[in-house]
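What follows is each chain in one-letter form.
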Amino acid sequence: MAISRFRAAGGFGQSMNYCFREKASIIGGNLVPLNEFDELERDDAKQVIKDATDAFKLTEFTNPGIQKNYYHVSISLAPGEDLSDRLFSEMAYQHAAGIIALSERPELADQPGALEVEIDRVREEELSRYQMVVIRHTDKPHHHIHYLQSRVDLESGRAIRSSNERYHAQSVMRLLEDRFQLQRGQNSWDKKQPEAEKKEVREYQQKVADWLKGDIQLLQQLEHCGELELGAFKVARKPKNVEL
């Protein structure tokens, strides 16, 4: 199972400083050469971070209007799973290509076959236009990587669209789990609601139903506000400014 943590960020140097540390290795990307932190003198390791941060200024110069100009993504494998550095970095490349592909063609999120084809095309034809570094950590029992990827196409100056990016990140991850023969994870929107939370919701729904006692006008007002489904007495959340 590959778990993807995904966020757009600013301040590239801070993320680079966090990612490249003890028990970390640069295993891919186009910003700096491959390096293993623990094999470097401390000053040399600091220089690698500085070189990557300085190189990333090309992204900042190409499109200075974007504050969150890169993605910080972490991908963790389930206990017992492993990928070589080559395969793990390739997974990062394909995940990044998938984010780019879905930003332009979001309908492919529901078309796995077509998305696979588009990921391969973007990986081959477009990904090199985005600055990126892939770093592997070995400080925990489970294998995991971080990758930092520019949101700016260095040729066109255009930024990857940010709409539904977290949804897209998970959709691509499910596809890559199959492609790299990893245990399939679960999308955040598919996770079951905890039983205790379900019970609390049911009790609150009944309390609201008893309180309303057939007040149709109030029912309609709540339904209009999206707080309640008329007739079913299903309450999504506590109505604002209502004390029971």
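Up top is the structure.
Right, let's walk through the structure included here. Throughout, a residue's number is its position along its own chain's written sequence, starting from 1. Only residues with pLDDT of 70 or above have their local features reported here, since the model is predicted, and side-chain atom pairs are shown and tallied only from 80 upward, although totals for entire chains, interfaces and linings are computed over all residues. Note: side-chain values were computed over all heavy atoms of the structure, leaving out hydrogens and water.

### Some details on the nonpolar core
To be explicit about the condition: What we call a nonpolar core is a set of buried Ala, Val, Leu, Ile, Met, Phe, Trp, Tyr and Cys residues that are connected through their side-chain atoms within 4.5 Å. Only protein chains enter the accessibility calculation, which uses a 1.4 Å probe; a residue whose area is less than 20% of its type maximum is buried, one above 50% is exposed, and one in between is partly exposed. Strands here mean DSSP runs of E at least two residues long; helices mean DSSP runs of H or I at least four residues long; both are numbered from the N terminus. A contact between two residues is defined here by any heavy atoms of the two lying within 4.5 Å.
Membership of the largest hydrophobic core comes to 38 residues, with the highest contact counts inside it found for Ile75, Phe88, Met91, Val134 and Tyr147. Per element, the largest residue contribution to this core is 10 residues, and it comes from helix α3 (residues 85-104). Dropping the residues within four chain positions of it, tyrosine 147 is found in contact with Tyr71, His72, Val73, Ile75, Ala92, His95, Ala96, Ile99, Met132, Val133 and Val134. Val48, Phe56, Ile135 and Leu148 belong to the second-largest nonpolar core, a separate cluster that totals 19 residues.

### Observations concerning the side chain of histidine 146
The criterion, for reference: Two N or O atoms count as a polar contact when they lie within 3.5 Å, although within protein this holds only if one can serve as hydrogen donor and the other as acceptor, and sequence-adjacent residues are included solely when both atoms are side-chain atoms.
With respect to the helices, strands and loops of the structure, histidine 146 is situated in strand β6 (residues 144-150). Of note is the side chain of histidine 146, whose polar atom sits 3.0 Å from the side chain of histidine 72. Contact partners of histidine 146, with chain neighbours within four places excluded, come to Tyr18, Cys19, His72, Val73, Ser74, Val133, Val134, Ile135 and His137.

### Some details on the environment of aspartate 38
Its place among the elements puts aspartate 38 in the loop between β3 (35-36) and α2 (42-62). Sequence separation of aspartate 38 and lysine 23 is 15 residues, and the distance between their C-alpha atoms is 6.3 Å. If sequence neighbours within four positions are ignored, aspartate 38 has contacts with Glu22 and Lys23.

### Considerations on the pattern of salt bridges
The condition is simple: Whenever a carboxyl oxygen of Asp or Glu lies within 4 Å of a side-chain nitrogen of Lys or Arg, that contact is scored as a salt bridge.
Across all of its chains, the model carries 19 salt bridges by this definition. Aspartate 54 is the salt-bridge partner of lysine 50, the closest N and O atoms lying 2.8 Å from each other. In this pair, lysine 50 and aspartate 54 both sit in helix α2, four residues apart, roughly one turn of the helix. Relative accessible area serves as the criterion here: at 45%, lysine 50 is assigned to the partly exposed category.

### Concerning the packing of aromatic side chains
Applicable threshold: Two aromatic rings, drawn from Phe, Tyr or Trp (for Trp, its six-membered ring), form a pair once their centres lie within 6.5 Å of each other, and the interplanar angle then sorts them: stacked below 30 degrees, edge-to-face above 60, tilted otherwise.
Evaluation of the coordinates by the stated rule reveals five aromatic pairs. A ring pair is formed by phenylalanine 12 and phenylalanine 56, whose centres lie 4.1 Å apart and whose planes are at 10 degrees; its orientation type is stacked. With phenylalanine 12 in helix α1 (residues 12-19) and phenylalanine 56 in helix α2, the pair connects residues that are 44 residues apart, well separated along the chain. For the pair phenylalanine 12 and phenylalanine 56, one class covers both residues: buried. A centroid spacing of 5.4 Å and a plane angle of 75 degrees characterise the contact between phenylalanine 12 and tyrosine 70, whose relative ring orientation is edge-to-face.

### Thoughts on the packing of α1 against α2
The test is simple: Only the contacting stretch of a helix is used when fitting its axis, a line to C-alpha atoms as for every element, and angles between N-to-C directions run 0 to 180 degrees. Note on angle classes: values under 35 degrees are labelled roughly parallel, values over 145 roughly antiparallel, values of 65 to 115 roughly perpendicular, and the remainder oblique. Helix crossings get a hand from a simple test, with the near helix turned counterclockwise from the far one by less than a right angle marking a left-handed crossing and a clockwise turn marking a right-handed one. We call Asp, Glu, Lys and Arg charged. Ala, Val, Leu, Ile, Met, Phe, Trp, Tyr, Cys and Pro are nonpolar, and the rest, Gly among them, are polar.
The interhelical angle for the contact between α1 and α2, taken along N-to-C directions, is 150 degrees, at an axis separation of 9 Å. Of the possible angle classes, the one that applies to α1 and α2 is roughly antiparallel. At the point where α1 passes α2, the crossing takes the right-handed sense. Of the residues in α2, those in contact with Phe12, Gly13, Met16 and Asn17 of α1 are Ile49, Ala52, Thr53 and Phe56. Partitioned by chemical class, the residues of the contact of α1 with α2 number five nonpolar, three polar and no charged.

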